[in-house]
Amino acid sequence: MSTPAAQHTPDGAVAARARGLTKAYGSGETAVIALDSVDVDIARGRFTAVMGPSGSGKSTLMHCLAGLDTVSAGQVWLGGTEITGLRDRELTRLRRDRVGFMFQSFNLIPTLTAAENITLPMDIAGRRPDERWLKQVIDTLGLRDRLRHRPAQLSGGQQQRVACARALASRPELIFADEPTGNLDSRAGREVLGFLRGAVDDLGQTVVMVTHDPGAAAHSDVVLFLADGHIEDAMERPTAEAVLEHMHLSTGGHPQTPWFDAVRGRLGDDDTDLEE
Amino acid sequence: MLKATLRSFLAHKGRLALSALAVILSVAFVAGSLIFSDTVTHTFDRLFASTAADVTVQPQQRDLRSARVSGSVQTLPAALRDRVAKVDGVAAARAEVSVQNAVVVDSRNRSVGPTTGAPTIAMAWHVTSRSPVRLTSGRAPRGAGQALLDADTAGKKHLRIGDTLTVQAQPDTFRVRVVGIATFTTTNPGAALLFLDPAVAGRELLGSAAKATSITADAVKGVSDAELKRRIGAALGSGAGARTGTGTYDLKTANEQAKSAAASLGAFLDVIKYVMLGFAGVALLVGVFLIVNTFSMLIAQRTRELGLLRALGADRRQVRRSVLTEALLLGLVGSTLGLGAGIGLALALIRLMTAFGMNLKATEMVIGWGTPVSAYVVGLGVTFVAAYLPARRAAAVSPMAALADAEVAGVGKPLKVRAVVGGVVGAVGAAALAGCAAATRTAQAASLLGLGVALTLIATVVAGPLLVRPVIRVLGGAFPALFGPVGRMSQRNALRNPRRTGATAAALMVGLALVGGMSVASASMSASFDRQIDKNLGADFIVQNTNFIPFTKEVRDKVAATPGVGLVVPQRLSPLDVRLPDGRRVRTSAAAYGPGLDDVVHIAYARGGSAAALADGRLAMDAGFARSHGVRVGSVVPVEFPGGRHTDLTVAALTDQDTTDGFGAQGGLYLGLATLEKYLPDAQDSVLYVNASPGTRAQDLRPRLERALRPFPQVQVRNQDDYKQLVHDQIAVLLYLVYALLGLAIVIAVLGVVNTLALSVVERTREIGLLRAIGLGRRQLRRMIRLESVVIAVFGAILGLALGLVWGVCMQRVLALRGLTALAIPWTTIVAVVLGSAVVGVVAALLPALRASRMNVLAAIAHE
């Protein structure tokens with residue numbers, strides 16, 4: 001397997017890197033390989049999209065790169081730090097200080113105001129936020145007059161903007177966005193994608209976004225296509241049409257999977273249990 | 001529907017287990033107390049029934065405890081035996097001598113009697129088939145100076161045949177040699193028994209061979225007890241209760257005798273029963289909150305599921321019934337386990353009684369039909385009542401809830417109804433308490449207090465959720481500054497669902513309110529008694545029996561003969577029946593003092609003085625009591641002493657004391673010792689007030705007094721500080737009970753907090769996952785949950801203590817009407833309870849916090 005993203009790094013700097021990254025769930029006969037010896041470099045200062053059908057391992061890849069999940073084999077670096085083999089406390093600190101997160105939904109702590117949510121990772125760390133940077137982020141995302149609101153008082157788009165601000169606030173080395181527009185209408189979704197784009201272009205941040213939406217992927221600098229635990233391809237300067245066409249080809253001409261993916265996401269048919 | 005109910009019950013068994021524990025605890029206390037008292041009653045009924053003679057003739061007993069008060073034993077002529085024996089149908093008659101006012105001391109001046117309050121009984125040795133003991137070694141006592149001892153006492157005090165004992169009886173002190181050991185063939189009720197030869201028992205124990213304490217008769221075959229009683233009654237006079245000479249006799253058949261003996265034991269059993277039922281009550285009261293909360297949370301959690309059931313066509317009644325069925329299942333399981341636990345508790349109590357010398361056989365445990373019935377009524381009733389409101393709420397879930405992505409139901413609902421109900425009930429309760437504080441009559445104040453306590457408790461429980469926001473804002477106000485974002489989140493989490501926080505804290509609140517009130521009352525009592533002792537007691541020393549019963553007259557002689565003793569003022573007590581000018585008859589007890597009273601006790605007089613009061617044929621009385629019964633100085637009141645001796649006493653002084661009622665005596669009556677001796681010559685001293693002679697320092701006198709009193713282990717020398725300590729210790733018994741109740745309330749309250757936190761953790765799984773993802777450490781997460789728990793617990797404690805303080809102050813107002821005027825608030829206790837409640841919070845958070853911190857971050861984020 002090649003490392004397609006590496007050759008596109010403009011200045012050669014890498015924000016995150018994986019070598020031989022393998023993730024298996026279960027063991028023995030019933031083991032499911034989610035990632036199969038993946039090598040990937042995430043270029044610093046760029047907007048990388050990760051696409052793939054459901055079960056292709058795209059979310060697992062992101063979780064492993066972000067230190068949320070343990071790997072079965074291989075190595076992962078964040079900047080110059082190897083994160084494979086770190087203990088929970090070190091991983092927690094790493095996520096807190098060096099990574100920003102945006103999830104599809106339930107991004108904010110309901111008891112905290114927008115402002116408190118934005119500075120939460122730094123508050124947890126006991127660090128004072130950089131006021132000028134914070135002001136810039138808040139103004140860029142247009143949240144100035146929403147700071148004292150609780151999440152319940154914000155629209156879905158506004159909530160994702162707060163999440164975006166939180167991810168940016170501590171000026172992390174890497175921002176991971178997991179389907180950030182999945183729960184938004186198209187206008188609010190475009191807005192959030194615009195902010196992520198701006199974070200890369202204007203603020204010099206590094207963003208990795210997992211998505212199934214070709215339109216969302218088109219906002220990125222490079223798209224990595226995952227299938228069956230492998231990186232199959234990469235596409236520079238993608239357009240929605242080019243991404244869609246690529247998906248047609250790789251799924252035998254029927255772009256069904258993303259649609260299924262979306263339906264799955266809404267029904268929430270995971271084997272979750274309220275009672276545990 | 002039943003299937004769905006059963007599934008749901010089993011699915012939530014973990015959560016229900018905590019509620020079940022509350023049911024189990026309360027049922028266990030109810031069942032345990034019933035089984036215990038049934039067992040003891042049954043055992044003693046059998047003991048008394050098997051040992052009572054067919055017919056017993058006794059002096060008429062106006063007051064069963066008169067001997068314990070005055071030390072005087074009521075007797076009848078021993079010659080009565082011969083008249084009884086001649087009655088047709090009497091097989092055998094005996095003149096019994098049995099007294100409880102003697103103290104038996106071994107050769108090393110140690111008391112042979114039990115130290116637990118059970119009596120030492122010295123009696124004549126009659127061998128009958130009804131005797132509770134059998135001679136097992138040695139021989140029967142013959143003549144003076146010989147005695148039998150019961151085997152249990154001999155074993156406990158390491159006494160053997162041949163040992164010498166000193167018997168301090170009312171007439172005189174004498175020595176006996178143990179010549180035999182008698183063993184109980186029935187249950188040993190814990191008393192120490194000393195048997196003397198019947199030929200000498202009357203003279204040794206009663207001062208005259210012509211006296212007896214009762215005559216017992218056995219019937220010949222074919223004559224019933226009732227028939228024999230009638231015949232003896234006829235022979236002695238005009239039937240039962242016939243008047244002959246100076247005394248009046250009571251005749252009792254074996255059954256009646258057993259019943260009256262059992263009745264006197266009943267009072268002791270009732271104390272244990274009420275204490276146990278008190279525990280059951282607290283467990284129930286606190287348990288109800290736990291159950292209500294559990295069901296509310298289960299239903300909130302299952303809103304979607306219930307909505308789906310409704311959407312699929314289940315009607316409201318079915319949903320409600322389903323929830324109530326679940327509650328009944330819980331009650332059934334809880335009651336059954338509680339019944340089992342109750343049997344264990346009764347066993348433990350029986351063991352405990354054995355440790356106190358009362359040999360109840362655990363194998364003879366009696367479980368009446370009432371026990372399981374009460375257990376199930378209590379268990380099922382409580383769960384049903386507690387689950388009713390949540391069940392109604394469940395039925396109100398709309399079918400749309402199945403589709404809505406709503407957060408947990410019940411969070412945002414306004415608390416208006418609670419505000420109105422809580423406000424109104426609270427206002428009425430506060431008014432009742434204010435009325436209690438302002439009342440001038442004890443009965444009125446006490447009933448207002450009860451009403452006020454009940455209403456303010458209800459109001460606080462109802463309005464609790466409304467208080468959550470303001471109180472926790474203040475309580476947790478420093479959290480963000482102290483603990484950063486973790487503190488902020490825990491404070492906000494506690495505020496998140498005021499209903500739930502309020503209900504969780506209510507469990508702790510109820511317990512602590514009771515404790516707060518009782519501790520204020522008991523501290524005030526202690527302070528009041530201290531003040532009275534300081535004010536009234538002038539004596540250097542007080543010589544008194546450890547359990548306040550009278551003691552032999554030799555003690556007075558020994559004290560008076562001790563060098564350095566100046567003044568000795570004896571006090572005797574006597575039950576007294578007083579007929580007042582307003583026509584009322586009052587059964588009370590009067591004190592009698594020797595001369596010199598003013599030097600040892602400071603009495604405030606409204607009219608007259610000590611000299612007048614203690615003069616021959618005179619009487620002193622509380623001024624307030626006198627006023628309300630139309631008594632004035634110079635009034636002549638007819639009185640009756642034990643033994644039926646009547647006389648008229650003239651009121652010569654009226655007192656104006658803080659307290660009028662001590663030890664159950666009404667009216668504050670007292671008279672001269674000489675007057676009492678005329679009518680109750682064989683009464684014993686119950687207190688000696690002792691002053692050092694001029695030139696002798698009190699601290700020098702004390703060791704001399706103690707040395708002089710060494711042969712009398714039952715009496716103690718106390719100075720004023722010791723006396724205060726004694727009073728404090730007695731009040732402390734009440735406090736220990738309160739602390740035990742507190743412990744129980746805390747155990748259940750902890751279960752409630754654990755319950756709430758565990759559910760909150762589950763509900764906030766995604767939030768916790770998110771927090772962990774963006775960098776909240778495990779330890780920080782645990783601290784967040786711990787702080788939330790602490791804030792809930794401290795909230796409950798503060799609410800409870802505030803309520804308890806108000807109650808306590810009102811209780812003190814009621815006590816003040818009885819002369820206990822000091823108000824003391826035990827601040828150290830209160831601060832300790834608040835700190836303790838924080839610890840309770842930490843303990844309750846242990847498991848939920850551990851569980852939260854162990855959550856897999858990814859699984860938590862994906863949790864729905």
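Residues numbered from 1 in each chain as written. Chains lettered and ligands numbered in written order. Predicted model: local features only at pLDDT ≥ 70, side-chain atom pairs only at ≥ 80, totals over all residues. Heavy atoms only, no water.

Each partner contributes residues to the interface: chain A has 33 residues there, and chain B has 31 residues. Of the residues that constitute the side of chain A that touches chain B, the class distribution is 12 nonpolar, 8 polar and 13 charged. (Contact = heavy atoms within 4.5 Å. Nonpolar A, V, L, I, M, F, W, Y, C, P; charged D, E, K, R; others polar.)

In this section: the sheet that holds strand β1 (residues 14-25) of chain A. Residue and element names in this part refer to chain A. If you walk across this open sheet you meet the 4 strands as β2-β1-β4-β5, and the pairing is antiparallel. Each having just a single partner strand, β2 (32-43) and β5 (81-82) make up the two edges of the open sheet. Here 2 bridges tie strand β4 (residues 73-78) to β5, and the two strands are oriented antiparallel to one another. Looking at the pairing, W77 lines up with E82 of β5. Contacts from helix α1 (residues 58-65) reach β1, β2 and β4, with the element oriented near 60° to β2. (Pairing = 2+ DSSP bridges. Helix = DSSP H or I, 4+ residues; strand = E, 2+ residues; numbered from the N terminus. Axes fitted to C-alpha atoms, helices over the stretch in contact; angles between N-to-C directions.)

Moving on, we come to the environment of B:P711. All names here are of chain B. One can find P711 in the loop between α21 (698-708) and β25 (715-718). Taking C-alpha positions, P711 is 9.1 Å from S107, a pair spaced 604 residues apart along the chain. With residues up to four places along the chain from it excluded, the contact list for P711 reads V105, N109 and Q168.

Where like charges cluster on the molecular surface, the positive patch consists of A:R87, A:R89, A:R93, B:R779 and B:R783. Those elements giving two or more residues to the positive patch turn out to be α2 (88-98) of chain A together with α24 (778-817) of chain B. Position of A:R89 relative to the elements: it lies in helix α2. Judged by relative accessible area, A:R89 falls into the exposed class, the value being 54%. (Patch = residues over 30% accessible without salt bridge, like charges linked within 9 Å, V, L, I, M, F, W, Y side chains within 5 Å. Areas by Shrake-Rupley, 256 points an atom, 1.4 Å probe, with all protein chains shown as cover. Salt bridge = Lys/Arg side-chain N within 4 Å of Asp/Glu carboxyl O. Lys, Arg positive; Asp, Glu negative; His and termini not counted. Charge placed at Lys NZ, Arg CZ, Asp CG, Glu CD. Buried < 20%, exposed > 50% of the residue type's maximum accessible area, 1.4 Å probe, protein only.)

Residues and elements named next belong to chain A. One open sheet holds the 6 strands; their spatial order is β6-β7-β8-β3-β9-β10, and the pairing between them is mixed. Strands at the two margins of the open sheet, each flanked by one partner only, are β6 (99-102) and β10 (230-236). Strand after strand, the sheet turns through a mean of 20° between neighbouring axes, direction not considered. Where α1 meets the sheet, it contacts β3 (47-51), β7 (174-178), β8 (207-210) and β9 (222-227), and its direction lies at approximately 150° from that of β7. Where α2 meets the sheet, its contacts fall on β6 and β7, and the angle it forms with β6 comes to roughly 80°.

All names here are of chain B. On average, residues of chain B score 83 in pLDDT, and 93% of them are at 70 or above. The low-confidence segment residues 238-247, where pLDDT is below 50, has 15 contacts with residues more than four positions distant or belonging to other chains. Contacts of residues 660-664 to residues separated by more than four positions or lying in other chains number 6 contacts, the stretch itself having pLDDT below 50. As a predicted assembly, this complex carries a pTM of 0.75 together with an ipTM value of 0.79. (pLDDT = per-residue confidence, 0-100.)

With that settled, the discussion passes to the side chain of A:T111. Relative to the assigned elements, A:T111 resides in the loop between β6 and α3 (114-125). Look at A:T111 and you get buried, because its relative accessible area is 5%. Sequence-distant contacts of A:T111, defined by excluding residues within four places in its chain, comprise A:R150, B:R492, B:N493 and B:R496.

Next up on the list: the domain arrangement of chain B. By the assigned domains, chain B splits into domain 1 (55-254), domain 2 (465-540 + 719-864) and domain 3 (542-718). For domain 1 of chain B versus domain 2 of chain B, the distance between C-alpha centres works out to 56 Å. (Domains from an automatic or database assignment.)

Given 3.6 residues per turn, any residue in an α-helix points the same way as the ones three and four places further on. Residue and element names in this part refer to chain B. All buried positions along α21 are accounted for by L701, L705 and A708. One side of α21 holds all its buried residues, which, seen down the axis, span an arc of 60°. On its buried face, α21 sits against β16 (541-545), α16 (554-561), β17 (565-579), β24 (687-692) and β25. (Arc of directions from axis to C-beta.)

This paragraph deals with the pattern of salt bridges. All names here are of chain B. Tallying each qualifying case throughout the model produces 41 salt bridges over all chains. The residue K229 makes a salt bridge to E256 at a minimum N-O spacing of 3.0 Å. One end of the pair, K229, is in helix α7 (residues 225-236); the other, E256, is in helix α8 (residues 254-301), with 27 residues separating them in the sequence. You can call K229 buried: its relative accessible area is 18%. Since its relative accessible area comes to 32%, E256 is described here as partly exposed.

Let's shift gears to the pairing of strand β11 (residues 192-196) of chain B. Residue and element names in this part refer to chain B. Within β11, 5 of the 5 residues are buried, leaving the element largely enclosed by the surrounding structure. The two faces of β11 match: A192, L194 and L196 on one face and L193 and F195 on the other face are all buried. The sheet contact formed by strand β6 (residues 120-124) and β11 spans 5 bridges and is parallel. What sits directly across from M123, in β11, is F195. Both strand β8 (residues 146-150) and β11 contribute to a ladder of 2 bridges, which runs antiparallel. Across the sheet, the residue bridging to L149 is L194, located in β11.

Residue and element names in this part refer to chain B. When the terminal C-alpha atoms of helix α12 (residues 416-438) are compared, their 32 Å separation across 23 residues agrees well with the 33 Å that a helix rising 1.5 Å per residue should span. Turning to α12, its buried residues are G422, V425, G426, G429, A432, L433 and C436. On its buried face, α12 sits against α13 (442-475) and α24. (Expected span 1.5 Å × (residues − 1).)

Enumeration according to the criterion identifies 7 aromatic pairs over all chains in this entry. Aromatic pair B:Y593 and B:Y670: ring centres 5.7 Å apart, planes at 75°, arrangement edge-to-face. Within this pair, whereas B:Y593 is found in strand β18 (residues 585-593), its partner B:Y670 is found in strand β23 (residues 670-672), the two being separated by 77 residues in sequence. With a relative accessible area of 13%, B:Y593 lands in the buried category. On the basis of relative accessible area, B:Y670 is assigned to the buried category, the value being 6%. Every member of this aromatic cluster is reached through a ring pair, and the members are A:F101, A:F103 and A:F176. Lying over the aromatic face of A:W77, A:R17 brings its terminal NZ or CZ to 5.8 Å of the ring centre. (Phe/Tyr/Trp six-rings, centres within 6.5 Å; stacked < 30°, edge-to-face > 60°. Lys NZ or Arg CZ within 6 Å of the ring centre and 35° of its normal.)

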